[in-house]
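Descriptive analysis of the structure
Below are the chains, spelled out letter by letter.
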Amino acid sequence: MPKKFIQRFLPDHQKIKQNKAVNMFGDLLHDANLWHLNRRSARGAFAIGLFNAFIPVPFQMWLSAFGAIIFKVNLPLSVALVWVSNPLTMPPLFYGCYLLGEWVLGGEKQPFKFQLSWDWLVTSLSTIGPAFITGCLIAASVAAIIGFFGIDLMWRYSVKKSWQQRKQLRINRELDK
């Protein structure tokens, strides 16, 4: 079930290979492991994609593609999962990361007004930067771990359920004879 469900949402790998943004990786994209979808590649892609979704940089998709190439996991899935943080979800996600960082570091709360710009990120590093970055790294790590083990458990459950259904089908066929 997870494999068929995930494959419905993934773009064609030929289209991805033709994308100018991904072409910078050149011949590295010819590795077949980057395009196969199995339990190992899916759980690694979930971990990489969800980790990079919480990293506040404008080139998250390239980071995910680079991570997928290094760890030889499903590239389209790892790049697609970065979109957990999109222009609609970034303000609440990053505000939550800031609050988490403040809680962990125990510092004074600074005014936090998120803007989707590089200038905001650079100027805010001196005031809210330590708490924000700490919160982002903690949230990224937790999301990656939950994604890794969550998809692994879902995949195992799906395979086990499929085997049980096939076994029951064989039993029913034997009883019908």
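Notes on the structure in this doc start here. As the structure is a prediction and not an experimental result, all values here were calculated from the model.

Cut-offs applied
- Residues numbered from 1 in each chain as written.
- Predicted model: local features only at pLDDT ≥ 70, side-chain atom pairs only at ≥ 80, totals over all residues.
- Heavy atoms only, no water.
- Helix = DSSP H or I, 4+ residues; strand = E, 2+ residues; numbered from the N terminus.
- Buried < 20%, exposed > 50% of the residue type's maximum accessible area, 1.4 Å probe, protein only.
- Contact = heavy atoms within 4.5 Å.
- Areas by Shrake-Rupley, 256 points an atom, 1.4 Å probe, with all protein chains shown as cover.
- Core = buried A, V, L, I, M, F, W, Y, C linked by side-chain atoms within 4.5 Å.
- Patch = residues over 30% accessible without salt bridge, like charges linked within 9 Å, V, L, I, M, F, W, Y side chains within 5 Å.
- Salt bridge = Lys/Arg side-chain N within 4 Å of Asp/Glu carboxyl O.

A count of helical and extended segments in the protein chain gives eight helices and zero strands. For the protein chain, the N- to C-terminal ordering of α and β elements is α-α-α-α-α-α-α-α. Burial status across the protein chain gives 38% buried among its 177 residues. Counting contacts in the protein chain only where the partners sit at least 6 residues apart, residues at least 24 apart contribute 70% of the total. By element, 64% of the accessible surface of the protein chain is carried by carbon and sulfur atoms, the whole surface being about 11,300 Å².

Take I128: it is sitting in the loop between α7 (118–124) and α8 (129–176). Placed 20 residues apart in sequence, I128 and E108 show a C-alpha to C-alpha distance of 9.6 Å.

By size, the foremost hydrophobic cluster in this structure holds 34 residues, and its most contacted members are F54, L75, L77 and F132. Residue assignment for this core shows that the elements contributing at least two residues are α3 (39–53), α4 (60–71), α5 (75–80), α6 (90–105), α7 and α8. With eight residues, the top contributor of residues to this core is α8.

Where nonpolar side chains cluster on the molecular surface, the patch consists of F66, I70 and F71 and spans about 330 Å² of accessible area. Relative to the elements of secondary structure, I70 occurs in helix α4.

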